[in-house]
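Overview (structure and organization)
Take a look at the letters that make up each chain.
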Amino acid sequence: MDLASPSCGCMSTTEHSPECPTGFIRNPHIARMDEDFLYHLGLGTKTHNLPEMFGDVKFVIVGGTPKRMENLAKYLLNEIKHKLPVGTQLSDLTGAADRYSMYKAGPIICVNHGMGNPSISILLHELIKLVHHAKCKNPVFIRLGTCGGLGVPGGTVVISDGVLNDKLNGEHEFKILGNVVPRPTKLDANLAQELKAVASPSDGFQTVIGKTYCADDFYEGQGRLDGAFCDYQEADKMRWLNMLQQRGVVNIEMESSMFAALTHNAGLKAGIICAAIVNRLNGDQITETKETLGEWQERPAKLLARYIRRQLGV
Ligand SMILES: O=P(O)(O)O[C@@H]1C[C@H](O)[C@@H](CO)O1
Ligand SMILES: O=c1cc[nH]c(=O)[nH]1
C-alpha cells in the first residue's frame, strides 16, 4: 500500500507540519463528497452551518464521561466569564446521535470519548473533520482524564510528554486494509510545558511531566491482578511495572496512543493531562470515596482553566 507521498508537500503522510496547507484532514475523498455527515456527532455539512456553529472554537477538550464533560463546560464557562446568548443554556449539541455528548462554552468544546482507543478514534475522526469543516483557526486539542499512576500518589496530576505502546515505542499501530500502519504518538512539547507552567506549589497537589503507557484494557492489559482472568503472579506484575517506570513511564491509561497519533497526523497542537487515581506500585483497586475521586478529577480541570484563561487573556 502506498501511503508515502502526500499531495500537501509535507515529508510523509505520518509527518505533516502544523502549517500544512491542506487543513486538518488528510483525505482527498472528503472534498469530492456532496455532504459529510458526522454520524456519531449528529452534525453534517448540509444539515448544519458548521462554520457558524463552531468556527470560533479554539480548544477541543475530550474526556471519558458525558457528565464530567458537562460539568467541565459549566466550570470553564464561569472561569472564562463567557455569557451564553440570552435565552440559551448549555446543552448537548450532538442531537439525536446519542453516542457522545458535546457542550460548547464559548470558544471551548467539551466532548466525552468513552473508554479505550477504538471509542476515542471514532470521536477524533469526526472532531478533526468538524474543526476542518468549521474552518477553526489553530484549535488546541487536550485530553483531560484519569489514569493509574506509576510511583506517584493518587491525586497527582500527570502531563504526558510522550506515549508508549505495548512494544514500548512511540507509535500507534493502525490496522488498515489488513496492513499495520504505524503513526507517531507525538504530543506538543510546548503545550506540555505551558500546562506545567500554570501549576503552583500552593495548589496542594503535585503536577509532574512524564511518559504515558497506553493499554488496550483496564485489567490484564495494565498488569492488574484483579480482573476476571489472570495467569501471572504479583512478581511478574511488579517486574513489568518497574520496567515501565525505568523507561520514564509515569502513568497508564487507555486512549493516549490514538489521541496522540491522530492529532499529530492532523498537524494539531495537542496534549494530555490526567489525574492519577491510584499508585499502581501499591495496588490495583480504586477504593477512594466518590468525594475524593471527584476532587482529584477537578485538579487537571483547574490547570486547564488557568491555561485557557492565559491563552485568551481573560
Ligand atoms: O478519561 P477517563 O477517566 O475516562 O479515562 C481513563 C482510561 C479509561 O477510559 C478509563 C478506565 O477507568 O479511565
Ligand atoms: O489505573 C487506571 C486508572 C484509570 N484509568 C486507567 O486506564 N487505569
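Residues numbered from 1 in each chain as written. Chains lettered and ligands numbered in written order. Predicted model: local features only at pLDDT ≥ 70, side-chain atom pairs only at ≥ 80, totals over all residues.

- As recorded in an unreviewed UniProt entry, the protein chain goes by Uridine phosphorylase 1 and comes from Bactrocera dorsalis.
- In its Sequence similarities (unreviewed entry) section, the UniProt record describing the protein chain reads: "Belongs to the PNP/UDP phosphorylase family." (UniProt positions renumbered as here; feature names shortened; annotations may be inferred.)

Section: the overall build of the protein chain
- The helix and strand tally for the protein chain stands at eight helices and twelve strands.
- Taking 2.2 N^0.38 as the reference for a compact globule, 314 residues should give roughly 20 Å; the C-alpha atoms of the protein chain span a radius of gyration of 19 Å, in line with that estimate.
- Judged by the C-alpha coordinates and their principal axes, the protein chain covers about 55 × 50 × 35 Å.
- Of all 314 residues assigned to the protein chain, the portion counted as buried reaches 42%. (Helix = DSSP H or I, 4+ residues; strand = E, 2+ residues; numbered from the N terminus. Rg over C-alpha atoms; globule rule 2.2 N^0.38 Å. Buried ≥ 20, exposed ≤ 12 C-beta atoms within 10 Å, placed from the backbone.)

Brief notes about the UniProt feature "binding site: substrate" (unreviewed entry) in the protein chain
- Sites flagged by UniProt as "binding site: substrate" (unreviewed entry) map to Gln222 and Arg224.
- With respect to the element layout, glutamine 222 can be found in the loop between β10 (207–214) and α6 (234–246).
- Glutamine 222 has contacts with Gly148, Ala215 and Ile252, leaving out every residue within four places of it along the chain.
- As for its position among the elements, arginine 224 is in the loop between β10 and α6.
- With 19 C-beta atoms packed within 10 Å, arginine 224 lands in the partly exposed category.
- Once residues lying within four places of it in the same chain are set aside, the contact partners of arginine 224 are Tyr219 and Asp284. (Contact = placed C-beta atoms within 7 Å.)

Considerations on the packing of helix α4 (residues 117–133) against helix α7 (residues 256–265)
- As a packed pair, α4 and α7 sit with axes 9 Å apart at the nearest point and diverge in direction by 25 degrees. By the angle between their directions, the pair α4 and α7 is classed as roughly parallel. Of the two possible hands of crossing, α4 and α7 adopt the one that is right-handed. Between α4 and α7, the contacting residues are Asn117, Ile120, Ser121, Leu124 and Ile128 on the first element and Ser257, Met258, Phe259 and Leu262 on the second.
- Residues belonging to the contact of α4 with α7 are distributed by class as follows: six nonpolar, three polar and no charged. (Axes fitted to C-alpha atoms, helices over the stretch in contact; angles between N-to-C directions. Parallel < 35°, antiparallel > 145°, perpendicular 65-115°, else oblique. Left-handed = near helix turned anticlockwise from the far one by under 90°. Nonpolar A, V, L, I, M, F, W, Y, C, P; charged D, E, K, R; others polar.)

Things to note about the domain arrangement of the protein chain
- Looking at the assigned domains, one finds that the protein chain contains domain 1 (29–137) and domain 2 (146–314).
- The straight-line distance from the C-alpha centre of domain 1 to that of domain 2 is 23 Å.
- Contacts between the two partners involve 18 residues from domain 1 and, on the opposite side, 15 residues from domain 2.
- A class-by-class count of the residues in the side of domain 1 that touches domain 2 yields eleven nonpolar, four polar and three charged. (Domains from an automatic or database assignment.)

Thoughts on the UniProt feature "binding site: phosphate" (unreviewed entry) in the protein chain
- According to UniProt, the feature "binding site: phosphate" (unreviewed entry) maps to Arg99, Arg143, Leu144, Gly145 and Thr146 in the numbering used here.
- Locating leucine 144 in the fold gives a position in strand β6 (residues 140–149).
- Setting aside chain neighbours within four positions, we find leucine 144 in contact with Ile61, Gly63, Ile273, Pro300, Ala301 and Leu304.
- Examined against the element boundaries, threonine 146 turns out to sit in strand β6.

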